[in-house]
Each structure stands twice: as structure tokens, then as C-alpha cells.
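Residue-level structural notes
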Amino acid sequence: MYFAKRNSEEPEIVIENTVVYACESASCNGWMRKDFASENYVCPMCGSQLIEEVRELPKIQTDFNSFK
Ligand SMILES: [Zn+2]
């Protein structure tokens, strides 16, 4: 008999406070993680200014250490 077991090796999702830049435009949902933001803090979708804020987002799992 085969029993479907819960995979205990499944990576659990970690929620952490993440600094993001969110578009200031109320009609635009554009935002980006600070880690991925370019030096020009403008919305990639509409070009408006981005406002720094903190959101609870799933932590990005990386297989290698990419810190410089
Ligand atoms: Zn925008």
C-alpha cells in the first residue's frame, strides 16, 4: 500500500519584514523589493516616484550566498 505522506522536507515559507519601494500612484500597484531596486527609484510600470515602506513578504530562498 502506498500512503501519501506529508513531505517534511518541504521548505517552509518564512515571512519577514521586507523593505520595498512602492509606487506613490494610487492607480498603480507597482512596487519592488529594495534589494532588487535600481538606483533610480522610479516605478517600472508608470514612472512615478517610489515610496519606501515595509511589507511582510515571503523570504526569498536562495541556493547560494549572493551577498557581495
Ligand atoms: Zn507606478
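Positions within a chain are numbered from 1, following the residues in the order the chain's sequence is written. With pLDDT at 70 or above as the cut-off, local features in this predicted model cover only qualifying residues; side-chain atom pairs require 80 or more to be listed or tallied, and sums for whole chains, interfaces and linings still use all residues. Water and hydrogen atoms play no part in the side-chain values, which are based on all heavy atoms of the structure.

As annotated in an unreviewed UniProt entry, the protein chain carries the name Cold-shock protein and comes from Peribacillus asahii.

1. Here we look at the packing of aromatic side chains
Let me state the cut-off plainly: Stacked, tilted and edge-to-face are the three classes applied to pairs of Phe, Tyr and Trp rings, where Trp contributes its six-membered ring and a pair requires centres within 6.5 Å; stacked means planes under 30 degrees apart, edge-to-face means over 60, and tilted covers the rest. The secondary structure listing takes helices from DSSP runs of H or I that are at least 4 residues long and strands from runs of E that are at least 2 residues long, numbered from the N terminus. Each residue's exposure class comes from its accessible area (1.4 Å probe, protein chains only) as a fraction of the maximum for that residue type: buried when under 20%, exposed when over 50%, partly exposed otherwise.
Evaluation of the coordinates by the stated rule reveals 1 aromatic pair. Ring centres of Tyr 21 and Tyr 41 lie 4.4 Å apart, and the angle between their planes is 25°; on these two criteria the pair is classed as stacked. Of this pair, Tyr 21 sits in strand 1 (residues 15-23) while Tyr 41 sits in the loop between strand 2 (31-33) and strand 3 (50-58); the two residues are 20 residues apart in sequence, bridging distant segments of the chain. Residue classification places Tyr 21 among the buried positions, given a relative accessible area of 6%. You can call Tyr 41 partly exposed: its relative accessible area is 39%.

2. Topic: the sheet that holds strand 2
For clarity, the threshold we go by: Strands were regarded as paired on the criterion that DSSP finds at least two bridges between them. To get an axis, a line is fitted to the C-alpha atoms, and for a helix only the part in contact is used. The angle between two axes follows their N-to-C directions and goes from 0 to 180 degrees.
Across the sheet, 3 strands lie side by side as 2-1-3; this open sheet has antiparallel pairing. Pairing within the sheet leaves two strands with one partner each, and these edge strands are strand 2 and strand 3. Going from strand to strand, the sheet's axes swing by 35° on average, the running direction of each strand aside. In terms of strand pairing, strand 1 meets strand 3 through 9 bridges, oriented antiparallel. Among the inter-strand pairings, Val 20 is bridged to a residue of strand 3, identified as Glu 53.

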